[in-house]
Amino acid sequence: MDKYICELLQKWCPEQPEEILEVGCGAGYWLEYLLKIRKTIVVGVDISPDMLAVAERRFSGDPRVRLYEGDIRNMDFLENDRFDFTFCAWIFQYLVRVNFREGLRELKRVTKPGGVIMLTENIPHGDAQAFTFPTYVQEGPKATMHGQNLHIERERY
Ligand SMILES: C[S@@+](CC[C@H](N)C(=O)[O-])C[C@H]1O[C@@H](n2cnc3c(N)ncnc32)[C@H](O)[C@@H]1O
């Protein structure tokens, strides 16, 4: 699975992004990979201070890494239209019974127009059926998904 996600990150992350965001970054596993494949600044957000503490130790002062404690549904500490590439891995499953649309709205807000939002999930039930693993979400002016003005492109194993 990891190899597959790595290939997808290579494919979907723009070649020369100014900044990359991972929300629900946990201990920083994917941030570390993103740092390897792109010369850029990576920003990680997670709701769990414990997970962020592990990530802090992993990157120990690396100036290319910025970590924030926060909730995907309200990331008002991040500016509009900031990131070329926004990535989430296995976080929307936590939002199924809350409001995953608020999370999507925030991802869209902080991602540059023309940027890419990539989500990986495996939620076979409920309101999040759109997120069959893995799902890629890209900005698309004409496309819609649940009224979110997002274009969904899917690939599966
Ligand atoms: C299954 S872990 C995945 C971690 C990381 N993306 C990875 O693949 O290694 C899900 C992460 O989402 C975080 N999380 C859950 N709900 C969140 C929320 N509302 N906002 C931000 N992070 C959240 C959890 O603290 C956890 O670190």
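Only a predicted model underlies this, so the values are computations on that prediction, with no experimental measurement involved.

Quick look at the overall build of the protein
Looking only at helices and strands, one finds 4 helices and 7 strands in the protein. A burial count over the protein gives 32% of its 157 residues as buried. Taking all contacts inside the protein whose residues are at least 6 apart in sequence as the whole, residues at least 24 apart take part in 57%.

So, the site of the ligand
If you check the shell around the ligand, you find 18 residues, and the closest are Gly24, Gly26, Ile47, Ser48 and Ala89. Only α2 (29–37) and β2 (41–46) provide two or more residues apiece to the shell around the ligand. Partitioned by chemical class, the residues of the shell around the ligand number 12 nonpolar, 3 polar and 3 charged.

What to know about unusual backbone geometry
A positive phi is found at Ser60, a non-glycine position, where the angle reads about 20 degrees. Take Ser60: it is sitting in the loop between α3 (49–59) and β3 (65–69). Located in the positive-phi region is Asp81, a residue other than glycine, with phi close to 55 degrees. Within the secondary structure, Asp81 sits in the loop between β3 and β4 (83–89).

So, the pairing of β4
Of all 7 residues making up β4, 7 are buried, and the element is well covered by its neighbours. Pairing geometry for strand β1 (residues 19–23) and β4, over 4 bridges, is parallel. Bridge pairing in β4 places Glu22 opposite Phe87. Relative to strand β5 (residues 111–120), β4 runs parallel, the two sharing 6 bridges. Looking at β5, one finds that Ala89 is bridged to Thr120.

A short note on the nonpolar core
Looking at soluble globular proteins, one finds that nonpolar side chains tend to be buried together. Of all hydrophobic cores here, the largest spans 33 residues; its most connected members are Ile20, Leu21, Val23, Phe87 and Cys88. Put simply, the parts of the chain that give this core at least two residues each are β1, α2, β2, α3, β3, β4, α4 (100–110) and β5. At 5 residues, β4 tops the list of elements feeding residues into this core. Ignoring anything within four residues of it in the chain, the contact list for Leu21 reads Val43, Phe83, Thr86, Phe87 and Val110.

With respect to the confidence of the model for the protein
Averaged over the protein, the pLDDT score is 77; the fraction of residues at 70 or greater is 73%. Low pLDDT (under 50) marks residues 123–157, which in the prediction has 57 contacts with non-local residues, meaning those over four places away or in another chain.

As for the environment of Arg73
Mapping Arg73 onto the fold places it in the loop between β3 and β4. Owing to 17 C-beta atoms within 10 Å, Arg73 belongs among the partly exposed residues under this scheme. A sequence separation of 27 residues divides Arg73 from Phe100, and the C-alpha atoms of the two residues are 7.8 Å apart.

Things to note about the packing of helix α1 (residues 2–12) against α2
A pair of packed helices can be characterised by two numbers: the angle between their axes and the separation between those axes. Running from amino to carboxyl end, α1 crosses α2 at an angle of 50 degrees, the nearest separation of the two axes being 11 Å. Here α1 lies oblique to α2, going by the angle between them. Crossing hand, α1 versus α2: right-handed. In contact with Cys6, Leu9 and Gln10 of α1, α2 contributes Tyr33, Leu34 and Ile37. Classifying every residue of the contact of α1 with α2 gives 5 nonpolar, 1 polar and no charged.

Cut-offs used in this document
Residues numbered from 1 in each chain as written. Predicted model: local features only at pLDDT ≥ 70, side-chain atom pairs only at ≥ 80, totals over all residues. Helix = DSSP H or I, 4+ residues; strand = E, 2+ residues; numbered from the N terminus. Buried ≥ 20, exposed ≤ 12 C-beta atoms within 10 Å, placed from the backbone. Contact = placed C-beta atoms within 7 Å. Near = placed C-beta within 6 Å. Nonpolar A, V, L, I, M, F, W, Y, C, P; charged D, E, K, R; others polar. Pairing = 2+ DSSP bridges. Core = buried A, V, L, I, M, F, W, Y, C linked by C-beta atoms within 7 Å. pLDDT = per-residue confidence, 0-100. Axes fitted to C-alpha atoms, helices over the stretch in contact; angles between N-to-C directions. Parallel < 35°, antiparallel > 145°, perpendicular 65-115°, else oblique. Left-handed = near helix turned anticlockwise from the far one by under 90°.

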